Amino acid sequence: AAVDSGVEQLGRLDIVVANAGIGTTGVKLHKMREDIFDETIDVNLGGGYLVLYRHGNVRLISHISPGGGYYFCDPPPNQNVCGYAITPTGNYRALSFQPGNLKVPLGYMYNPVFFIGREFAIHGGDAVPLGPVSHGCVRIPTDTSLFFHKLFKIPGTPIYVEDLEAWEKQAG
């Protein structure tokens, strides 16, 4: 229903971001308990990913790290801006591209493609764990961000950000 609504509103399906995943902090893979490892693999291998379509054909699939759901406050001087690290779901369009490393209050975004104002983007990052740890943007591997923006039209390409569970229910 969500994807059908997006296609109806925007005309076609080009980019889908399905976000879900879990992770552990500070536990090395080889030291992880077997039950935690199994759960992490089960969730994350079916977890957050980005699919780029061109003319109805899959052009790119990449793992992502979406918003982690934790509460945070911006560092000084913006410390009065606080909120939950959530990647907003919905139907958007690619708005703009900023080449290189863009300094933002919470760090850096590499080659960001903005889809909500100048606040939410699909961007490169050095660390893209299999779990959701971002502040709300969609983090993709830096090597993918080197060419990602060249694969579709900016501005204008539809971007659908979906909750993975809702996406799977609709798909099947």
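Refer to the structure presented above.
As the structure is a prediction and not an experimental result, all values here were calculated from the model.

1. Let's talk about the packing of aromatic side chains
Note on aromatic pairs: each is described by the distance of the centres and the angle between the planes.
Point 1. Counted under the stated rule, the structure contains four aromatic pairs.
Point 2. Between the aromatic rings of Tyr71 and Tyr84, the centroid separation amounts to 5.1 Å while the plane-to-plane angle is 65 degrees, which identifies the pairing as edge-to-face. Taken together, the positions of Tyr71 in strand 4 (residues 71-73) and Tyr84 in strand 5 (residues 82-84) put the pair 13 residues apart, joining distant regions of the chain. Considered together, Tyr71 and Tyr84 belong to a single accessibility category, that of exposed residues.
Point 3. Summarising the aromatic geometry, the rings of Phe148 and Phe152 are spaced 4.9 Å apart at their centres and angled 65 degrees between planes, so their arrangement reads as edge-to-face. Across this residue pair, the class does not change: Phe148 and Phe152 are buried.
Point 4. The side chain of Lys103 reaches across the aromatic face of Tyr108, ending 5.4 Å from its centre.

2. Describing the state of the cysteines
Point 1. On inspection of all chains with the given rule, the structure shows one disulfide.
Point 2. What pairs with Cys73 in a disulfide is Cys82, and their sulfur atoms sit 2.0 Å apart. Handedness here is read from the sign of the S-S torsion; for Cys73 and Cys82, about 110 degrees, the answer is right-handed.

3. Points about the pairing of strand 8 (residues 101-104)
Point 1. Side chains Leu102 and Val104 project from strand 8 onto a buried face, and the interleaved Asn101 and Lys103 project onto a face without burial.
Point 2. Hairpin connection, strand 8 to strand 9 (residues 107-116): the antiparallel pair is bridged by two residues.

Conventions adopted
- Residues numbered from 1 in each chain as written.
- Predicted model: local features only at pLDDT ≥ 70, side-chain atom pairs only at ≥ 80, totals over all residues.
- Heavy atoms only, no water.
- Phe/Tyr/Trp six-rings, centres within 6.5 Å; stacked < 30°, edge-to-face > 60°.
- Helix = DSSP H or I, 4+ residues; strand = E, 2+ residues; numbered from the N terminus.
- Buried < 20%, exposed > 50% of the residue type's maximum accessible area, 1.4 Å probe, protein only.
- Lys NZ or Arg CZ within 6 Å of the ring centre and 35° of its normal.
- Disulfide = S-S within 2.5 Å.
- Pairing = 2+ DSSP bridges.

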